[in-house]
There are 2 protein chains.
Amino acid sequence: MYRAKVFVTLKPSILDPKGKATYNALANLGYQNIKSVRIGKMFELEIEANTEEKAQEAAENAAKKLLANDVMEDYTIELQEDK
Amino acid sequence: MYRAKVFVTLKPSILDPKGKATYNALANLGYQNIKSVRIGKMFELEIEANTEEKAQEAAENAAKKLLANDVMEDYTIELQEDK
């Protein structure tokens, strides 16, 4: 069993209104030293696979087909074996 | 300048209907080897601070006060210096 974390973030050129709202909220709370906030998603997948390559491939496919929107988002994958 | 990533995940005991829906969608697409999906949030913060300790403290405070809901969510922080 493998555990993959897929991090999906907006491409740098895409505006992030939720992040901006969070930034404003933090500024209102007095956290002036936080200069920017961007929000992404994290998917934790449990993948049944015999090899690390197959698990990586499954995570890549899931990210490409469903989890990330290629036009607006980037993704990175962190894979680790689970016991 | 420091860059902090705050990962906010639902506590293991809390149901994750969005994760379940994503799991079902992946199963429908034929990814039978993905056995579970849980969804979390990732906040990327740019923090102006003189020391790593101050940056860590700012990220912790932001997580506690605003980014995570202590009752239902856990958070972890990854901090790195930016140039």
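Here we summarise the structure given alongside this text. (Residues numbered from 1 in each chain as written. Chains lettered and ligands numbered in written order. Predicted model: local features only at pLDDT ≥ 70, side-chain atom pairs only at ≥ 80, totals over all residues. Heavy atoms only, no water.)

In terms of helices and strands, chain A carries 2 helices and 3 strands. In terms of C-alpha radius of gyration, chain A reaches 16 Å, well past the compact-globule figure of 12 Å for 83 residues. Projecting the C-alpha coordinates of chain A onto the three principal axes gives extents of approximately 50 × 30 × 15 Å. Looking at chain A residue by residue over its 83 residues, the buried ones come to 37%. For chain A, the share of sequence-separated contacts (at least 6 apart) that also reach a separation of at least 24 residues comes to 72%. Once the 12 positive and 14 negative side-chain charges of chain A are each reduced to a mean point, those two points are 9 Å apart. (Helix = DSSP H or I, 4+ residues; strand = E, 2+ residues; numbered from the N terminus. Rg over C-alpha atoms; globule rule 2.2 N^0.38 Å. Buried < 20%, exposed > 50% of the residue type's maximum accessible area, 1.4 Å probe, protein only. Contact = heavy atoms within 4.5 Å. Lys, Arg positive; Asp, Glu negative; His and termini not counted. Charge placed at Lys NZ, Arg CZ, Asp CG, Glu CD.)

Okay, the pairing of strand S1 (residues 2-10) of chain A next. Residue and element names in this part refer to chain A. By the criterion of burial, S1 is predominantly enclosed, with 7 of the 9 residues buried. Bridge analysis of S1 against strand S2 (residues 34-47) gives 7 bridges, and the strand direction is antiparallel. Residue pairing across strands places valine 6 opposite phenylalanine 43, the latter belonging to S2. With 9 bridges joining them, S1 and strand S3 (residues 73-81) adopt antiparallel strand pairing. Paired with phenylalanine 7 across the strands is threonine 76, a residue of S3. (Pairing = 2+ DSSP bridges.)

The next thing to look at is the pattern of salt bridges. All names here are of chain A. Enumeration according to the criterion identifies 9 salt bridges over all chains in this entry. For lysine 11, the salt bridge identified is with aspartate 74, shortest N-O distance 3.1 Å. Within this pair, whereas lysine 11 is found in the loop between S1 and helix H1 (17-28), its partner aspartate 74 is found in strand S3, the two being separated by 63 residues in sequence. Here lysine 11 falls in the partly exposed class, since its relative accessible area comes to 24%. Using a relative accessible area of 31% as the deciding quantity, one classes aspartate 74 as partly exposed. Salt bridges linked by common partners bring Arg3, Glu46 and Asp82 together as one network. (Salt bridge = Lys/Arg side-chain N within 4 Å of Asp/Glu carboxyl O.)

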